[in-house]
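# Fold and geometry: a report
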Amino acid sequence: MDHVDPRRLIPRTNDLLALPAVREARSRLSEPVVRDLVRDAQEKARRGDIAPGQVEPAVLAAVAARSATTLRPVLNATGVIVHTNLGRAPLSAAAVDALVAASGYVDVELNLADGRRSRRGAGARAALLAACPAAEDALVVNNGAAALVLATTALAAGREVVVSRGELVEIGAGFRLPDLIESTGAVLHEVGTTNRTHLRDYADALGPATGCVLKVHPSNFRVEGFTSAVGLEELKSLTAADGIPLVADLGSGLLAPDPHLPHEPDAATALASGADVVIASGDKLLGGPQAGLLLGRRDIIERLSRHPLARAVRADKLSLAALEATVAGGAPPVVQALHADIGTLQRRTERLAAALGVPVVAHAGRVGGGGAPGFALPGWALRLPEGLAGLLRTGDPAVLPRVHSGSCLLDLRCVPEGDDDRILEAVRKALAALGAADAGAAG
Ligand SMILES: *Cc1c(COP(=O)(O)O)cnc(C)c1O
């Protein structure tokens, strides 16, 4: 008998596309995505990685596993609450409901009572003003950086932004506030030194060219030792007389003081201290969606909202919906993680440790995401072999641990209690895989 090239037995594309499960998947996946999955399985067979008879099951498995998004939910076991690489703040149930409700047609810019166009995001604005009565008005834009660009463009393009040298920070991933500000056409007028800036430094700098004075909270580092900075009250005493806008970039997004974070600035205090406008992020300590908040004096917020750039940085309806629900709803996950009861954390950690037969160690959580630098949140972690980290990250569910001095640590602070058993299962699977790999290496 002639030898048949097994590659000729590979099922044809059209036959694979006609399989009922594949046809059904074409309602949730695009045509090119489905075709790629089919081609991948055929390629594997052509390379001899799988037998021709395995192509159909491989296509069915690939189609079932593939969703329209490649983003994967991750259980955050790092103890870092606002984890930028994990999308910062997880949304509250109220915020998720709100963004699902807003995902269709929605009255984001329409008054249903009279059928006329209305101010965009009026609900989010009202919620922010109710939560921060010190603000006369509020504007929501795409993110904190956009809020800063809008404020400096509208108030100081072609003029000067007076700012302390100690506050020209890099906010992460190589983005630097001074570059951002200069990109608007404003000129930075730096005053003082890295560690010390005095009121007279600002006083010497102010003049006809001043567009605004900017105070930036150094949110992701701490300078200690021989330092001095000028507070908003003192700055206000300088700027008020000439009507120079005083802008405070707080970063963190606290609307009111949090006794847990005594050194973290908040919008209400900054406004009461004299800031004309405060800038904050929606997805840091506020615990909401990515957004930039501008809160403060009515005339200045009005000026910013009328600037052409405001249209380029406007918030989308989903963010506006989620932001309003974050502010008006119950404590979001970020706030819950921040205030987590240490006894409860211990009990949860010990239960998993007993089930797995691994030790519990003291472990400090962090606020993260450029908030409360150096501030430790006392807590606990399961200590596992370092080799488990990669298996946990790539497992199902994906679990991100903290790898530290030769151990893989799992801190439950940012894990919803209802997910403890999923962590347990994930660790069991990873331990089994590690054991199998070790046995394979030994054998
Ligand atoms: C985080 C931060 C920003 C940038 O805000 P995004 O929402 O990330 O764009 C700006 N300034 C300060 C002080 C920050 O902490």
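What counts, and at which threshold
- Residues numbered from 1 in each chain as written.
- Predicted model: local features only at pLDDT ≥ 70, side-chain atom pairs only at ≥ 80, totals over all residues.
- Heavy atoms only, no water.
- Helix = DSSP H or I, 4+ residues; strand = E, 2+ residues; numbered from the N terminus.
- Buried < 20%, exposed > 50% of the residue type's maximum accessible area, 1.4 Å probe, protein only.
- Contact = heavy atoms within 4.5 Å.
- Areas by Shrake-Rupley, 256 points an atom, 1.4 Å probe, with all protein chains shown as cover.
- Lys, Arg positive; Asp, Glu negative; His and termini not counted.
- Charge placed at Lys NZ, Arg CZ, Asp CG, Glu CD.
- Pairing = 2+ DSSP bridges.
- Salt bridge = Lys/Arg side-chain N within 4 Å of Asp/Glu carboxyl O.
- Axes fitted to C-alpha atoms, helices over the stretch in contact; angles between N-to-C directions.

## A few points about the overall build of the protein chain
- Across its full length, the protein chain carries 18 helices and 17 strands.
- Based on the C-alpha atoms only, the size of the protein chain along its principal axes is roughly 100 × 55 × 40 Å.
- Relative to its 443 residues, the protein chain shows a buried fraction of 45%.
- Once local pairs closer than 6 in sequence are excluded, the contacts in the protein chain between residues at least 24 apart make up 74%.
- Here the protein chain displays about 21700 Å² of accessible surface, and carbon together with sulfur accounts for 54% of that area.
- Taken as two groups, the 46 positive and 49 negative side-chain charges of the protein chain have centres that lie 4 Å from each other.

## Some words on the pairing of strand β9 (residues 210–216)
- The buried fraction of β9 amounts to seven of the seven residues, a majority that puts the element mostly inside the structure.
- Of the pairings in the sheet, the one linking strand β5 (residues 160–164) to β9 comprises four bridges and is parallel in character. Residue E160 lies in a different strand from β9, and its bridge partner there is T210.
- The pairing of β9 with strand β10 (residues 246–251) spans four bridges and is classified as parallel. By the bridge assignment for β10, K215 is matched with A248.

## Regarding the pattern of salt bridges
- Considering all chains together, one arrives at 24 salt bridges under this definition.
- Among the salt bridges present, the one from R119 reaches D137, with a minimum N-O distance of 3.3 Å. Placement of the pair is R119 in the loop between β3 (116–117) and α6 (122–131) and D137 in strand β4 (residues 137–141), with a sequence separation of 18 residues.
- Among the salt bridges present, the one from D421 reaches R351, with a minimum N-O distance of 2.8 Å. With D421 in helix α18 (residues 420–442) and R351 in helix α16 (residues 342–356), the pair connects residues that are 70 residues apart, well separated along the chain.

## Some words on the sheet that holds β9
- Spatially, β4-β12-β11-β10-β9-β5-β8 is the arrangement adopted by the seven strands of the open sheet, whose pairing is mixed. Each end of this open sheet is capped by a strand with a single partner; those strands are β4 and β8 (187–191). Sheet twist, expressed as the average angle between the axes of neighbouring strands with direction ignored, equals 25 degrees.
- Direction of pairing for β5 relative to β8: parallel, over a ladder of five bridges. Looking at β8, one finds that E160 is bridged to V187.

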